[in-house]
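Descriptive analysis of the structure
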Amino acid sequence: MKILLIEPCFAGFLTAIYHAHYSHKDADIITSDLNAPSFLDIQVEITTDTVLAARVRSGIIKRAGTVIYSDIAHAYLSCQDTKEKILFAYTKLVLLHGRAAYGMYQMNEVKEFNDLLQKVRGEAHRFKGFLRFKELKNGIYYSAFSGDNDIIELLLPHFRARMNAEKFVLHDIKRHKLIYYDSQICHYLIAPEEYSVTLSDEEAFFSALWKDYHKNIAVEGRLNTDLQRQCLPKKYRWFMNEF
Amino acid sequence: MDIGERIKILTEGAKYDVSCSSSGSRTTAKRGYLGSAAPHGVCHSFTADGRCISLLKILLSNKCVYDCLYCINRRTESIPRASLTPKELCELVIGFYKRNYIEGLFLSSAVEVSPNRTMETLAQTVQMLRTEYKFRGYIHLKGIPGADNELIDYASRWVDRISLNIELPSEKSLLLLAPQKKKEAILSPMRMLSQTYIASQIERPKIIKIPAGQTTQMIVGASPETDGQIMRLTQGLYDHYRLKRVYYSAYSPVTTNSLLPAVPPDLRREHRLYEADWLLRFYGYKAEELLPINRNLSLDLDVKSDWAINNFNMFPLEINTAPYELLLRVPGIGVRNAYRITEARKHGRLDRDALKKMRVVLKRAEYFVTINGKFFGAADTPHKIRNSLMGKSLSAPPPKYKQLGFFDEPLITGEF
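In what follows, the accompanying structure is described. (Residues numbered from 1 in each chain as written. Chains lettered and ligands numbered in written order. Predicted model: local features only at pLDDT ≥ 70, side-chain atom pairs only at ≥ 80, totals over all residues. Heavy atoms only, no water.)

For the rest of this paragraph, the subject is the packing of aromatic side chains. The final tally for this structure, using the stated rule, is 32 aromatic pairs over all chains. Ring plane angle 75° and centroid distance 6.4 Å describe the contact between F130 of chain A and F46 of chain B, whose orientation is recorded as edge-to-face. Of this pair, F130 of chain A sits in helix α5 (residues 108-130) while F46 of chain B sits in strand β1 (residues 45-46), which puts the two residues in different chains. Across the pair, exposure class does not vary: F130 of chain A and F46 of chain B are buried alike. An angle of 70° between the planes, with centres 5.3 Å apart, marks the rings of F205 of chain A and F206 of chain A as edge-to-face. Counting every residue linked through ring pairs, the aromatic cluster contains F127, F130, F145, Y236, W238 and F239 of chain A together with F46 of chain B. For the cation-ring pair, R136 of chain B lies above Y33 of chain B, with the distance from its terminal atom to the ring centre recorded as 6.0 Å. (Phe/Tyr/Trp six-rings, centres within 6.5 Å; stacked < 30°, edge-to-face > 60°. Helix = DSSP H or I, 4+ residues; strand = E, 2+ residues; numbered from the N terminus. Buried < 20%, exposed > 50% of the residue type's maximum accessible area, 1.4 Å probe, protein only. Lys NZ or Arg CZ within 6 Å of the ring centre and 35° of its normal.)

Encoded structure:
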């Protein structure tokens, strides 16, 4: 088998798509996993090339439109280690059939891709609701979170639209990624391992009101914590102040 | 009374309201303003009863001059009373919204002093929130029946969604159980709002007034109306009043009165009404097709299966050729699957395997379709299919009706 070994980034993946289309037409696998190749495989290291990546990007957009392109880009944010395999298969299908690939629900490639994308988008959607901001002493709204997938970029436009006159921080604890929006522009930073924040005076007041509200709005006679856990799994609760 | 205490009381009064949806509106960011709204809505938390919290659901006041028998806020009930000032409420909303606790506000109120006075305060509050606090998040406002149409119209300018509750499915029941509420006082503003909504769609389609539309809610099982009557009323509300949504809440006895039934209705009834409601809104059914006026929906079998068995002569349909509208009528095939089937079959004939890959569940559908000419159902007469489908639902673990997250609250409404 011929394996294209890439750097673990989306531009690297797109570069490999370019090579798989032109110089390595017989490539079977694209992966960033250094342990993937075995003794019998032919391994080709692909250097990320932003120019080639940009060409593939416009190629996909021309062939299949921006919706499918952003589907692919978003699915790449997945944490699943089979994502490159799934995306490679789907991208080939897209380059072959264009927009029509979208509706080929009976194909394995499409099913696996949709499942992958759904997991990323679904998680991003949940975080739009479950994320919690705390007001800091300096007026910045700070949120710490961590998702299974690398969704910080998917959350940013949502909160920038919503809080466009505010200053806020999105902090992905697990990946040490931090985006600071200063009410005008976004700053992408690498978060320190150790950090501490000082809360504003009002923070405890609103937090307490919210905790009470969360408790009081439930109808006592109809407790259903199974359903609650199903809709809001425990892994999200550590950053939500009502739990 | 301190503000935490008052918020608690006003939350208690609002929590039996069913709707907590933040969907249907699209508000983009505006420089210097706070908030946006997306058509799909967002859930921000889930309570211990499994319901979603999307909006801050609260009453402005629970001091009511009305005495509706079914309501916990009615005048003669001895509960603590409280109210918030518009400013207090606005600050609460903004504080919650900036911390991403909520998607917006669902504001309602008991009738304090008079309907007009109450409506005025509500309008003033939402106006303040939109103008002084520059809030662009979702607002769902309750309209107060009996208030002047001009006032309700004015209030509706500031909100995404407005709703007046029908409360009971017939004039007779309304007269009996909520004597201070007149049918015309509820329907007249609803008519006015639907006209506003339609007119603004034609005149300025980009700036639709009440973008998330109008909804209503009624109590089921407190009065003798049949499901057939309720579905016809619902159909009328969708056809003639352009409602976005009708909510049903199974009556639950919060008080004893000889005019009210002592036992609550079977919760499955509410569930079946919602099924039928979905069929009206997304599947192209009409109430008249679903059931005769004097009948109730079957509790043991879902509405679509029941309908399909009663109309068995139009089945089986071939998955590979049936048009979209007919696919929608197959039990077990929903809007998404019907769409997927029509898309996928452009690229080749579908077999059982392909359908599995597309996540089409054939458990019920297989009695009503052929797949590539083959019929897979274990029974082929209406009678046998009915037994077989009911057998399936019987052998399944007892259904948890509370899992129907959309429309969960089967208790009664606690407002006005």
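Here the focus is the pairing of strand β7 (residues 214-220) of chain B. All names here are of chain B. Among the seven residues that make up β7, seven are buried, leaving the element largely enclosed by the rest of the structure. Of the two faces of β7, the one carrying Q214, T216, M218 and V220 and the one carrying T215, Q217 and I219 are both buried. Note: strand β6 (residues 161-163) against β7, two bridges, orientation parallel. The residue of β7 that forms the bridge with S163 is T215. In this structure, β7 lies alongside strand β8 (residues 245-250), joined through six bridges in parallel fashion. Within β8, the position partnered with Q217 by the bridge is Y247. (Pairing = 2+ DSSP bridges.)

Looking now at the packing of helix α7 (residues 203-216) of chain A against helix α1 (residues 3-14) of chain B. Relative orientation of the contacting elements α7 of chain A and α1 of chain B amounts to 25°, with a least axis distance of 10 Å. If you check the angle between α7 of chain A and α1 of chain B, you find them roughly parallel. Read as a crossing pair, α7 of chain A and α1 of chain B show a hand that is right-handed. Contact with α7 of chain A, carried on its side by F205, L209, Y213 and N216 of chain A, involves I3, G4, I7, K8, T11 and E12 of chain B of α1 of chain B and no other residues of that element. (Axes fitted to C-alpha atoms, helices over the stretch in contact; angles between N-to-C directions. Parallel < 35°, antiparallel > 145°, perpendicular 65-115°, else oblique. Left-handed = near helix turned anticlockwise from the far one by under 90°. Contact = heavy atoms within 4.5 Å.)

Ranked by size, the top nonpolar core spans 184 residues in total, and within it F13 and L170 of chain A together with I58, F96 and F368 of chain B carry the most contacts. Element by element, the count of residues in this core is highest for α5 of chain A, at eight residues. L136, I140, Y142 and L178 of chain A belong to the second largest nonpolar core, which has seven residues in total. (Core = buried A, V, L, I, M, F, W, Y, C linked by side-chain atoms within 4.5 Å.)

Together, Y195, V197 and L199 of chain A make up a nonpolar patch on the protein surface, roughly 240 Å² of accessible area in all. With respect to the helices, strands and loops of the structure, L199 of chain A is situated in the loop between β8 (186-190) and α7. (Patch = residues over 30% accessible without salt bridge, like charges linked within 9 Å, V, L, I, M, F, W, Y side chains within 5 Å. Areas by Shrake-Rupley, 256 points an atom, 1.4 Å probe, with all protein chains shown as cover. Salt bridge = Lys/Arg side-chain N within 4 Å of Asp/Glu carboxyl O.)

Quick look at the sheet that holds strand β7 (residues 177-181) of chain A now. All names here are of chain A. The five strands lie next to each other as β4-β5-β6-β7-β8, forming an open sheet whose pairing is mixed. Strands at the two margins of the open sheet, each flanked by one partner only, are β4 (134-135) and β8. In the packing of helix α6 (residues 152-162) onto the sheet, contacts are made with β5 (141-145), β6 (168-172), β7 and β8, and the angle to β6 comes to roughly 165°.

What follows covers the sheet that holds strand β3 (residues 55-59) of chain B. All names here are of chain B. Reading across the sheet, the six strands line up as β3-β4-β5-β6-β7-β8 and stay open at both edges, with parallel pairing between neighbours. Two strands in the sheet have a free side with no partner beyond their single neighbour: β3 and β8. The mean angle between the axes of side-by-side strands here comes to 20°, regardless of whether they run parallel or antiparallel. Bridge count for strand β4 (residues 104-108) against strand β5 (residues 138-142) is four bridges, and the pairing is parallel. Bridge pairing in β5 places G104 opposite Y138. Sheet strands touched by helix α2 (residues 86-98): β3 and β4. Its angle to β3, the strand with the most contacts, is close to 160°. The sheet strands contacting helix α8 (residues 267-282) are β7 and β8, and the helix crosses β8 at an angle near 170°.

Take the environment of L107 of chain B next. Residues and elements named next belong to chain B. Here L107 shows up in strand β4. In this structure L107 comes out as buried when scored by relative accessible area, which is 0%. For the pair L107 and V126, spaced 19 residues apart in sequence, the C-alpha separation works out to 8.7 Å. If we skip the residues at most four places from it in the chain, L107 touches I58, L59, L60, L89, L122, T125, V126, H140, L141 and K142.

Let's shift gears to helix α1 (residues 10-21) of chain A. Residues and elements named next belong to chain A. An ideal rise of 1.5 Å per residue puts 16 Å on 12 residues; α1 measures up with 17 Å between its terminal C-alpha atoms. Within α1, 10 of the 12 residues are buried, leaving the element largely enclosed by the surrounding structure. Of all the residues in α1, the buried ones are F10, G12, F13, L14, T15, A16, I17, Y18, H19 and A20. Next to the buried residues of α1 lie β1 (2-5), β2 (29-31), α2 (50-64), α3 (66-75) and α4 (83-97). (Expected span 1.5 Å × (residues − 1).)

What follows is about the pattern of salt bridges. In total, this model carries 36 salt bridges over all chains according to the counting rule given. D201 of chain A is paired through a salt bridge with K137 of chain A; the nearest N and O atoms lie 3.1 Å apart. Of this pair, D201 of chain A sits in the loop between β8 and α7 while K137 of chain A sits in the loop between β4 and β5; the two residues are 64 residues apart in sequence, bridging distant segments of the chain. Classification of D201 of chain A by relative accessible area gives exposed; the value is 65%. On the basis of relative accessibility, which here comes to 55%, the residue K137 of chain A falls in the exposed class. For D277 of chain B, the salt bridge is made with R281 of chain B, and the minimal N-O distance between the two is 3.0 Å. Taken together, the residues D277 of chain B and R281 of chain B, both in helix α8 and four residues apart, mark about one turn of the helix. Assessed through its relative accessible area of 0%, D277 of chain B is described here as buried. Each of the salt bridges in this network shares a partner with another, and the network as a whole consists of K111 and D115 of chain A together with R359 of chain B.

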